Structures are given as C-alpha cells and as structure tokens.
Amino acid sequence: MSDTMSSTTVATVKRPNLINSLFPSVISGIVLGVVGAALAGLLVNRITTAFSPDSVPNDDAVTAAVYTAWVLFFFIGIGAFNGVFKWAFARREPTPAEELQLAGKDQGLWRYFRFTTDHKVVGMQYLATVFVLFFFGSMGAFMIRLEQSRPGAIFFNPQTYNTIVGMHGIIMIATTIIMVSGPFGNFILPIMIGARDMAFPRLNALSYWLLFAAIPIFFSTLALGGFPTGWTGYAPLAVQELTPGMDAYCFTILVFAISTTVAAMNIITTVMVMRTKGMTWGRLPILVWGVVLSVILSLTAFPSFIVSQIMVLMDRIFNTSFFLAASGGSNWLYEHLFWFMGHPEVYVIALPAMAVAAELTAVFARKPLFGYRLLVGGLVGISVLSVIVWGHHLYTSGSENALVAPYMLDTELISIPTGIFFLVLVGTLWRGKIWLTVPMLFVCGLLVNFVIGGITGIYLADLPTDEILHGGMFVTAHFHFTLVGAGVFGFFAGLYYWFPKMVGKRLDPLLGRLHFWLFEIGFVGTFTALFYAGLQGEPRWSANVAPPFATPNLIASLFAILIAASVFTFIYNVIHTLMRGEHAVANEWGAKTLEWTVPTPVPLENFEELPVVTSLPYGYGSPLPESPVTPAADIAGAITQAPVQPQAED
Amino acid sequence: MSEANIGGNAGSASPAEPRHLRRVLIIWAVLSVIGIAIWLAVAQFILPQAASSLDGADNFTFLVLTVLAVPVSLFVFVFLGYSLIVFRVQGRPTEDGVPLQPRPSLQIGWLGVTSLLCLFLLIWGLIAFYQETSAASTSNTLAVQVTAQQWQWTFNYPQYNATSAGAQVIELPVNRPVEFYVTSKDVLHGFSIRALGVRVDANPGEVTTTAVITPTQIGSYTVQCVELCGLFHSDMWEAVNVVSADSFNSWIISQGGHL
C-alpha cells in the first residue's frame, strides 16, 4: 500500500535520469515507429517502381509496408520485446524487483505511458482509450445526424459522408467490443477472482499497445482518401476502391483483431488458473462469466475477420481474385466470412454488458441473483447459438431459398436464452430493496432499450418482414438499440459503479442522473424516428436523405442534440470529479464481490494475503424468509479474509 | 401462467404486504389489451401503402408480430416499472431484500413459454415465406431483367426486346405477374421496391430470380439500392410507375420494343 503513496516522491528523485524514463516508453515507441515506417515506405516505393512495367509504385504495397513497419518498430521502441530478448539471451532469471519495476512500481503517472504489466494500469489505459474513442465515434454520429437533418447534400460531399459513416461504425464497433472486457475485464476481473495479476502480464500490456498502435493506422485513412465501404468493408467494393484509405481499414482490423485475440487468450487463462482458493466455477461473479464467454466467442469469431481482410489486401496488392466475379471469385465469400465474425461480435459486445447489469442488479436490489445458474446457462446458450446465426444477414443475398429455414430457426432460437436474462433480472428486482443509484438507473435504461432492441430483432429474423426492412434504416435503429441501448448503457452502468474503485473518487450523482436522462430520452427519440423511416423504406447508408423521409430524419436529428448534451455532461462530470471529486471509500456500494474488500487505491499485487471464498458473492438477505434473523455480517462473512483489510463503512 | 410462480418461496410474506403479484399481472393484462387496441387503430397510418399482394402480406406479418410484441415487451416494462415504484428505498437501504430463488416449475415454464413463442414465429415465418415464393410463373408472366451498376438501374424486357435505358421512369403493368432477374455489372447492389415487397441483392456474376409479384395498385413508386455501393449510393434510385396495360404497351413501343 505504501508504494502508491510514495510514488510521487520517488519519481521526483529519479527525474534527473531522463533517458531512463523516456526509453523505453510510448515516446520512444512512436519515434522509432515513425522512422521505421518512413524507411519501409521509401524502400517498397523504390522496389515496386523498379519492378513495375510503367514505373509506377504500387500504392497499396507501400501502404501495407508502412503499417507493418509502424507496428513492428513501435513495439521495439516501447520495449515490448525486451522481456523476450532477456529471456532468450540473459544468463539469469529476472529478479522480483525487476518484475515489479516492469509492473510500474514507483513510477507515478508515467507508468501509464510505458509497457507496464500491472493489470490495473492496463485497465486504466483501456478506460482512457475507450473514452477518447467514444468521443470521436460520437462526434462522427453527430456529423451524420447533422447531414441527415435535411434532404440533399448540406455539409459533406458523398465521399466525406461515406468515410464518416464508416469511421463512426468501426470506431464504435471496436470500442464497444473492448469497453467492458478492456477496462473492467483487466482492472476488476482479476481482483474479483482473487488473483494478484493476469496470467500473462506481458501479453496483457501487448494487447493494449496493439490497440494503441491500431488507432493512428485507422485515422491515417483520412489522409489517404478515406474508404467508401462503411464499417462492413464489403468486397468487391473494397477491392475496386483505388485510394489506399481502404488499406488503412484492412490493417486496422488486422491489428485490432490480433489485440483482441491476445487479450482473449489472456483473460481465459487467467480465469482458468488464477482463481483463489474456494473460487469454484459455480461461485464466479456473473461479470466474470460474461467477460469469459464474450472473449471465448471473440476467439471463435475474429479469425474469419482477419482472414477476410488478408484476402481483401491480397486482392488489392497482388491482384488475386477472391472476391471478383469476373475472374472466378464471389462476393458471397466475403459476406459469409464477414458475418461469421459480424454476428457473434454483437454478442461479444452484449454478453459483458448483460453481465454488468446482472451483477449490479443484485447489489442494488440487495438480493441474490434470481437464478444464478439459470443465468449462467442462458449466457452460455447465447454464446453457443450466436456462432450459427450469421445466415440471417444473407436472407436477401439471393442464396437458395431452402437455406432460409435453418437460418431462421437458429436466429429465433437465440431469443430463448435471451429471455432467461430478462426473467433473472426482473426476478432479482422483484421484492428487493431497490437503491436507485446512477449505475442502477443505467441498468434500468439497459432493460428498457434491450427489450426494444430484442423485439425489433424479431422482425428482422422473420423473413416476411425482413424482406421489407433488410438493408434499411429499421436495421440501423435495431442494432443501435442493442449495441448502444444495451451495450453502451451497460458500460456506463459499470463505469459509474466501478469508477470509485478504479480512480478512487465518486462521479457526481446529480450530473450522472442528468447524463442518464439526456442520453435515454435522446436515444429513444432518435432511433424510434429511424424505426419509422425504415418501415417506410428508407435505405441505410444514404448520404442524402430522400425527400419522403425528411420528417423522421429531422426528428431524429433534433433528439440527437440531447445525446450530444449528455456526452458533454459526462465529460464535464469526469473532469469535475478528477479535479475536485469526493474520495471514495473502500466498499462504496456495500457489495460483496472481492474487489470491494481491497483498499482504494488498490495496491500493487492487490491482496496482502489471498482470500478464501466459501460461497457466491450474492449473500444478501437471510437464506430463507422463515428462518430466524441471521446477522447480516455472518452472510457477508461468506467471504473470509485474513488479515481483515481496513474497510470503511458508511 | 408460468409467471404466477414468480413469488417463488416467498409465498408466506407478511399478511400486511399487498398481493403484488396479482396487482402487477392485472396491470400487465390491462395495459396489453390497451396497447394492442392502440396498435390496431394506428397501424394503418404507420404501415406504408402496399401496391402488391406480396407487400400486403409482409405488412400483415408486421401487424401480427407487433400484436405479439406488445404484451411481451410490456411484461418486462410493467414488472420493471412496478418494482421501481413499489420496492424503491429512499437513500441507502439498511436491510436486504427477500432472497427469492426461482422454482424449477417457473424456470421450465418460462423456457416453455418462450420456446412456444419462438416456434410460432418460425412456423408463421416459414409458411408466409413459402406461400409468397410458391407462385409459379405462367406464360402471362412478364420477365424483367434488372441490371444494377454504379449508380443506376436498367430494366430490360426480353419478351418485347425493350429496355428502360434512356427513359425518365420505368414502367410496369398493373395486375400482371412479373418476375425479376436481378444481376449487377460491378459491385454488390441491393434491389428494392418497397411498395411491391421485393428486396434482393444484385450480385456481380450471378442472376437472382425473385418471387412472382403482381402489382395491384396504379401509382408511382421507387426502386432503390439498399447495399452500400460506393460514392453515389444514395442517388441510386429511380421512379417505377405501375400503369394500365395500355399505357405500358405504348411505353414499351416508345422504348424501342415490339408487342
């Protein structure tokens, strides 16, 4: 505990040694990465010019070389390979002191800018990145709503508009994938299972910095002409596109998918082998189940995304023809590869958010989960079924009609385990002592939005209605209700809940309530209007609104102002809290999961002595209403820990 | 009703406690009836006008699914709302809630009810779909070859040797079955005429045949692209007029065809 206290003083003592603190760090990484990228770009430019019959460089090959070199040299510069290098060539094992140095001991704030292995540092890095990406993504959304407020082109030409739509899509999809598993999966999850760190701390840092390296690649598309395909990157349009902005899209996906894969393997291994004594699978907090099932699903889904983007790059760079009908390829190949990732990916986003909602409902209704095993079964059911539902994205692809029946069966089956989630949450709230805090408000918003998102999914799952809605605004509104209404609301619920533990300060509840109501009203208004537009037949992705759909689009844009206001309310709340927020106590909400038993700020290595777990962390209320009243402390004592940490009660 | 067990093992709550479960179920039933009635009253204003029997059937499925959706979503909304109003504690709770656990009968009942709903959706969807696609083309059926390219639609009428190329509008005859053969010259496009209920991808290198559709309403509609196809995707729409047989014949001749 003392090391965090003294970190600032030690950092000032070390300050004279500037070289030591700059190398390795993100600064040396960026410097080396840029230099390496420039050299590689120059080299490939020369080579392709020399070998080209008409002395023109292959722009796509140059771009690919630049991105590859950027990632490689960035990692050399940030010191990602130092550990491997030392392991291979040094004559001795690293000492515990060196490992702690790598984990960011006594480095103050600078540890957030280095290849630091402490899971809490990685969690905070993810959190900050999620904030920044959400900000850019939501700005993209407002530009879209601004452009769509009136018919015809107002602010952007179609090329800019298509790029904005694609960037908004990719930023939001990527961010929602990491928003729970990144910050909470790294910071909270290891403490929840009673571990001192992740199973592979270096891989943990690697997964974050891969994400970091993908961000400049992605934004470089703006300098390279953008990409016209939207977030789905459909080939052959992606192959036809001449500007190298498309390569930025493909490379972003590659680097991001590798980052997610590394993180997924790490989280799975951590939960398998790092659980503390007594933390059986049947006693895992539900968040852990949600995150683990989500990352298992991403391990299944993302390889096909990686493969599809490598194929697009090969079509673009080497003139292969995986997707070109004229020379034997097929656009259906891309669609299947993409949606084999694309649909499970929706559940990669939804599962952790649903788990956050369940975790918080038990705490704020002061009740055990209504059917913990039922819910685990439901989550497992969703993750298994979600692997086989991708076909409904190809209902109208012109494939054989006989395929419709199995596609439809799989898709509709998944509503059964999803229904379990609602039974468990409604049952948990029923006759509870509901404490309507800001996190709980977001959970309620999630329930409302997820019902709407789920029910409207039925119309798209049933072919007779899908054939009037497919590819239209109804689809856009539907998946925003699931990804934002359920996903992002779940993230905010978790954020208001765990922020006191992660940062040590309480987010202002009044501003939090304002944030919630602006967001919920604006969100429901915006996308209800778009449901209506979609039902009238408005297609997705249209840069210019056709006149018949002007009114619902204007209404949607007006409601989007409320969402914009909620974003800025939230930003103000975070800044306000960081500067002069109240300090949080160790167990802010009186919850019973392990992360609330450690002090705030959480010390390096989390626990002085590893706790022993004897039951589920939802021991609220007496076991049976008829039984004599048992002191609450006894049930809370289900988690025994010695020596008892100083724990503030309020 | 499986939900009736939601009280679980807390059936013996204190007698002063009102009968929450009965109350909430009554509220749910009443609101569901009101909700369905409202939907049936406003549906005709919300659903767009159908210009073919196929689109009419699709709209009807939409109507039926919504009638089902209203009580299902209200079930969660009413339980959530009731809990938040009745069981809410002002400030930090000093005591815990009743630790209810679901009985096996409730769990199995819930799974049974949701499975039945699911089964209904599947059977309804499949029957409706195969009915729509079962109409066979006859000698009277008009064949239309639809070609998508960046960023326009061309309709060819091989029976008349005519093409829509160069025309301001595309025309189809009323009350005559039509079958579209859809393909693309370059990238993936989405062929859609909302009022006729036809929506299928235009794949490069493949010809997709749609169901046989009979336009039943004279009027002006649009053919739109519903797959992002590049720069001017949003401008890729054209007017499709459903006209009388006579007007159609004269339009065909004006487009260079022979009757």
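Residues numbered from 1 in each chain as written. Chains lettered and ligands numbered in written order. Predicted model: local features only at pLDDT ≥ 70, side-chain atom pairs only at ≥ 80, totals over all residues.

Engineer: Please clarify how the overall build of chain B should be interpreted in this entry.
Structural biologist: On a plain count of helices and strands, chain B comes out with 4 helices and 10 strands. Sequence-ordered secondary structure for chain B, helices as α and strands as β, is α-α-α-β-β-β-β-β-β-β-β-β-β-α. Against the compact-globule benchmark of 18 Å for 259 residues, chain B has a radius of gyration of 27 Å, which places it well outside the compact range. (Helix = DSSP H or I, 4+ residues; strand = E, 2+ residues; numbered from the N terminus. Rg over C-alpha atoms; globule rule 2.2 N^0.38 Å.)

Engineer: Explain the interface of chain A and chain B here, please?
Structural biologist: Contacts between chain A and chain B engage 78 residues on the former and 77 residues on the latter. For the side of chain A that touches chain B, the class distribution of residues is 45 nonpolar, 24 polar and 9 charged. (Contact = placed C-beta atoms within 7 Å. Nonpolar A, V, L, I, M, F, W, Y, C, P; charged D, E, K, R; others polar.)

Engineer: How do you make sense of the sheet that holds strand E1 (residues 142–149) of chain B when you look at a structure like this?
Structural biologist: Hydrogen bonds along the backbone pair up the strands of a sheet, which may run parallel or antiparallel. Residue and element names in this part refer to chain B. Taken together, the 5 strands give an open sheet; going across it, the order is E3-E2-E1-E5-E8, and neighbouring strands pair in mixed fashion. Every interior strand has two partners, whereas the edge strands, strand E3 (162–163) and strand E8 (208–209), have only one. Where E1 meets strand E2 (residues 152–157), 5 bridges bridge the pair, whose relative direction is antiparallel. Looking at E2, one finds that glutamine 149 is bridged to glutamine 152. (Pairing = 2+ DSSP bridges.)

Engineer: When you look at the nonpolar core in this model, what are you seeing that I'm missing?
Structural biologist: Among soluble globular proteins, nonpolar side chains are generally buried collectively. Leu375(A) and Ala493(A) are the most contacted members of the largest nonpolar core, which totals 279 residues. A domain split of this core shows at least three residues from each of domain 1 (2–134) and domain 2 (142–254) of chain B. Not counting residues within four places of it along the chain, the set of residues in contact with Ala493(A) comprises Val356(A), Ala357(A), Leu360(A), Pro439(A), Phe442(A), Val443(A) and Leu446(A). (Core = buried A, V, L, I, M, F, W, Y, C linked by C-beta atoms within 7 Å. Buried ≥ 20, exposed ≤ 12 C-beta atoms within 10 Å, placed from the backbone. Domains from an automatic or database assignment.)

Engineer: Where do I start with helix H14 (residues 331–364) of chain A in this structure?
Structural biologist: It helps to recall that an α-helix has 3.6 residues per turn; residues three or four apart then point in one direction. All names here are of chain A. For H14, with 34 residues, the first-to-last C-alpha span of 49 Å sits near the 50 Å given by 1.5 Å per residue. If you look at H14, its biggest bend is around 30°, right at tryptophan 339. Following H14 by one or two positions, arginine 366 adopts a phi angle in the positive range, close to 50°. (Expected span 1.5 Å × (residues − 1). Bend = angle between axes of the 7 residues up to and from the residue.)

Engineer: What's the story with the sheet that holds strand E6 (residues 189–193) of chain B in this structure? I'm lost.
Structural biologist: Residue and element names in this part refer to chain B. The strand order E4-E10-E9-E6-E7 describes an open sheet built from 5 strands, whose pairing is mixed. The two strands at the open ends of the sheet, each matched to only one other strand, are strand E4 (170–173) and strand E7 (198–202). The mean inter-strand angle of the sheet, taken between neighbouring strand axes irrespective of direction, is 25°. Note that E4 and strand E10 (residues 237–243) share 4 bridges and pair parallel. Its bridge partner lying in E10, proline 173 is registered against valine 243. Sheet strands in contact with helix H4 (residues 245–254) are E4 and E10, and its direction is about 140° off that of E4. (Axes fitted to C-alpha atoms, helices over the stretch in contact; angles between N-to-C directions.)

Engineer: For this particular structure, what's the right way to read the packing of helix H9 (residues 183–192) of chain A against helix H13 (residues 286–317) of chain A?
Structural biologist: Between two packed helices, what matters for the description is the angle formed by their axes and the separation of those axes. Residues and elements named next belong to chain A. Between H9 and H13, the shortest axis-to-axis distance is 10 Å and the interhelical angle comes to 125°. Taken together, the axes of H9 and H13 are oblique relative to one another. Of the two possible hands of crossing, H9 and H13 adopt the one that is left-handed. Mapping the contact onto sequence places Gly185, Leu189 and Met192 in H9 and Leu287, Val288 and Val291 in H13. By residue class, the composition of the contact of H9 with H13 is 5 nonpolar, 1 polar and no charged. (Parallel < 35°, antiparallel > 145°, perpendicular 65-115°, else oblique. Left-handed = near helix turned anticlockwise from the far one by under 90°.)

Engineer: Sorry if this is basic, but what is going on with the domain arrangement of chain B here?
Structural biologist: Reports often express the size of an interface as the amount of accessible area lost when the parts come together. Residues and elements named next belong to chain B. Split into domains, chain B comes out as domain 1 (2–134) and domain 2 (142–254). Computed over C-alpha atoms only, the centres of domain 1 and domain 2 are separated by 41 Å. Each partner contributes residues to the interface: domain 1 has 11 residues there, and domain 2 has 13 residues. Going through the elements one at a time, helix H2 (53–86) and helix H3 (104–134) are the ones with two or more residues in the side of domain 1 that touches domain 2. Broken down by element, the residue count for the side of domain 1 that touches domain 2 peaks at 4 residues, all from H2. Across the side of domain 1 that touches domain 2, the residue classes break down as 4 nonpolar, 4 polar and 3 charged.

Engineer: Just to check I follow, could you spell out the environment of Val132(A) for this structure?
Structural biologist: All names here are of chain A. Tracing the backbone shows valine 132 in helix H7 (residues 119–147). With 13 C-beta atoms counted inside 10 Å, the residue valine 132 sits in the partly exposed group. A sequence separation of 107 residues divides valine 132 from serine 25, and the C-alpha atoms of the two residues are 20 Å apart.

Engineer: Would you mind going over the packing of helix H15 (residues 372–385) of chain A against helix H17 (residues 415–429) of chain A with me for this structure?
Structural biologist: All names here are of chain A. Two elements in contact, H15 and H17, have axes whose closest approach is 8 Å; the angle formed by their N-to-C orientations is 155°. Judged on the interaxial angle alone, H17 and H15 are roughly antiparallel. Between H15 and H17 the crossing geometry is left-handed. Together, Leu374, Leu375, Gly378, Gly381, Ile382 and Leu385 of H15 and Pro417, Thr418, Ile420, Phe421 and Val424 of H17 make up the contact between the two elements. Of the residues belonging to the contact of H15 with H17, the class tally is 8 nonpolar, 3 polar and no charged.

Engineer: Just checking my understanding: could you explain the confidence of the model for chain A for this structure?
Structural biologist: Low pLDDT means the predicted coordinates in that region are not meant to be read closely. Averaged over all residues, the pLDDT of chain A equals 89, while 93% of them reach at least 70. In this model, residues 1–16 of chain A is a region of pLDDT below 50 whose contacts with residues beyond four sequence positions or in other chains number 17 contacts. (pLDDT = per-residue confidence, 0-100.)

Engineer: How should the pairing of E2(B) be read in this particular structure?
Structural biologist: Consecutive side chains of a regular strand alternate in pointing toward one face of the sheet and then the other. All names here are of chain B. Burial along E2 is one-sided: the residues Trp153, Phe155 and Tyr157 are buried and none of Gln152, Thr154 and Asn156 is. The pairing of E2 with E3 spans 2 bridges and is classified as antiparallel. Each bridged residue has a counterpart across the sheet, and for asparagine 156 the counterpart in E3 is threonine 163.

Engineer: Can you help me understand unusual backbone geometry in this one?
Structural biologist: Trans is the common state for peptide bonds, and a negative phi is the common state for residues other than glycine. Pro236(A) follows Ala235(A) through a cis peptide bond whose omega is 10°. Within the secondary structure layout, Pro236(A) lies in the loop between helix H10 (201–219) and helix H11 (237–240). The omega torsion of the bond from Gln150(B) to Trp151(B) falls at -5°, within 30 degrees of zero and hence cis. Located in the positive-phi region is Glu605(A), a residue other than glycine, with phi close to 70°. On the secondary structure map, Glu605(A) appears in the loop between helix H22 (550–580) and strand E1 (612–613). Although it is not a glycine, Asn161(B) adopts a positive phi angle of roughly 60°.

Engineer: Sorry if this is basic, but what is going on with the environment of Phe62(B) here?
Structural biologist: Here Phe62(B) shows up in helix H2. Residue classification places Phe62(B) among the buried residues on the basis of 20 C-beta atoms within 10 Å. Spatially, the C-alpha atoms of Phe62(B) and Trp39(B) are 11 Å apart, while their sequence positions differ by 23 residues. Ignoring sequence-local partners within four residues, the contact set of Phe62(B) consists of Tyr459(A), Thr465(A) and Leu47(B).

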